[in-house]
Amino acid sequence: MALTPAEEEQVRQLLLRENAQKQKALLASKESLKEWLKATAIFILKKLTEAAIDGLIIYLKNKFGLG
């Protein structure tokens, strides 16, 4: 059973809408991942900086006999 040109156009429009919705969802997912990665990187850098500063303070205290 063949589709009429009007039915073909309806199917095409439906597929285009569906594809646009999938692309929008994928973009939102990518943006969410990007924000999560950014927040995680900031957290890790903050912890590394704190550890480096703590290590430096301990080193300086030991070096100058303050601790």
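Residues numbered from 1 in each chain as written. Predicted model: local features only at pLDDT ≥ 70, side-chain atom pairs only at ≥ 80, totals over all residues. Heavy atoms only, no water.

## A few points about the overall build of the protein
Rules: Secondary structure elements follow DSSP: runs of H or I of four or more residues count as helices, runs of E of two or more count as strands, with numbering from the N terminus. Our radius of gyration is a C-alpha quantity, and the globule rule it is checked against amounts to 2.2 Å times the number of residues to the power 0.38. Relative accessible area decides the class of each residue, using a 1.4 Å probe on protein chains only: under 20% of the type maximum gives buried, over 50% gives exposed, and in between gives partly exposed. Per-residue and other accessible areas were derived by the Shrake-Rupley procedure at a 1.4 Å probe size, with only the shown protein chains allowed to occlude residues. Lys and Arg are tallied as positive, Asp and Glu as negative. Neither His nor the chain termini are counted. To locate a charge, take NZ of a lysine, CZ of an arginine, CG of an aspartate or CD of a glutamate.
For the protein, the count of helices and strands is one helix and zero strands. Scaling as 2.2 N^0.38, a compact globule of 67 residues should have a C-alpha radius of gyration of about 11 Å, whereas the protein reaches 28 Å, well beyond that. Counting across all 67 residues of the protein, residues that qualify as buried make up 0%. Here the protein displays about 6400 Å² of accessible surface, and carbon together with sulfur accounts for 66% of that area. Each charge class in the protein was averaged separately, 11 positive and 8 negative side chains, and the resulting centres sit 13 Å apart.

## A closer look at the pattern of salt bridges
Condition: For salt bridges, the criterion is a side-chain nitrogen of Lys or Arg within 4 Å of an Asp or Glu carboxyl oxygen.
This structure, assessed with the given rule, holds three salt bridges. Between Arg 12 and Glu 9 there is a salt bridge whose closest N-O contact spans 3.1 Å. Residue Arg 12 and its partner Glu 9 are located together in helix α1 (residues 5-63), separated by three residues, close to a single helical turn. Exposure remark for Arg 12: the relative accessible area of 43% places this residue in the partly exposed category. Between Lys 22 and Glu 18 there is a salt bridge, with the nearest N and O atoms lying 3.8 Å from each other. One end of the pair, Lys 22, and the other, Glu 18, are both in helix α1, four residues apart, so they sit about a helical turn from each other.

## Concerning α1
We apply this condition: In this analysis, the expected span of each helix is defined as 1.5 Å times one less than the number of residues it contains.
Across its 59 residues, α1 extends 85 Å between first and last C-alpha, which sits within 8% of the 87 Å expected from 1.5 Å per residue. After α1 finishes, the residue Gly 65 shows a positive phi value of roughly 65°.

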